[in-house]
Amino acid sequence: MILGLLLWVAVIVAVAYLLVRLNRDGRYEEGQDRAGHLARERFARGEITAEELDALERRLRS
């Protein structure tokens, strides 16, 4: 009986852990700078210049 209870607790903990991991991976939590991150990605892909990135980041901070 105790072993069965421990098994269920382990399953619940594992599912909770996976849900937290899936929620964090590849997503933005509140307060994170999504626009700034996208601008840096565009810079990394070569879509914008360093000057354009600086201007975007200054605009986002103000």
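First, a word on scope: everything that follows refers to the structure included in this document. (Residues numbered from 1 in each chain as written. Predicted model: local features only at pLDDT ≥ 70, side-chain atom pairs only at ≥ 80, totals over all residues. Heavy atoms only, no water.)

A separate point is the overall build of the protein. Assigned secondary structure in the protein consists of three helices and zero strands. For the protein, the succession of helices and strands along the chain, N to C, is α-α-α. Scored against the burial criterion, the 62 residues of the protein give a buried share of 8%. Surface summary for the protein: the accessible area is close to 5,700 Å², and the carbon and sulfur share equals 62%. (Helix = DSSP H or I, 4+ residues; strand = E, 2+ residues; numbered from the N terminus. Buried < 20%, exposed > 50% of the residue type's maximum accessible area, 1.4 Å probe, protein only. Areas by Shrake-Rupley, 256 points an atom, 1.4 Å probe, with all protein chains shown as cover.)

Another aspect to go through is a nonpolar patch on the surface. A cluster of nonpolar residues, L7, W8, V11, V15 and L19, forms a patch on the protein surface that exposes about 530 Å² of accessible area. Counting through the fold element by element, V11 comes out in helix α1 (residues 2-24). Exposure remark for V11: the relative accessible area of 38% places this residue in the partly exposed category. (Patch = residues over 30% accessible without salt bridge, like charges linked within 9 Å, V, L, I, M, F, W, Y side chains within 5 Å. Salt bridge = Lys/Arg side-chain N within 4 Å of Asp/Glu carboxyl O.)

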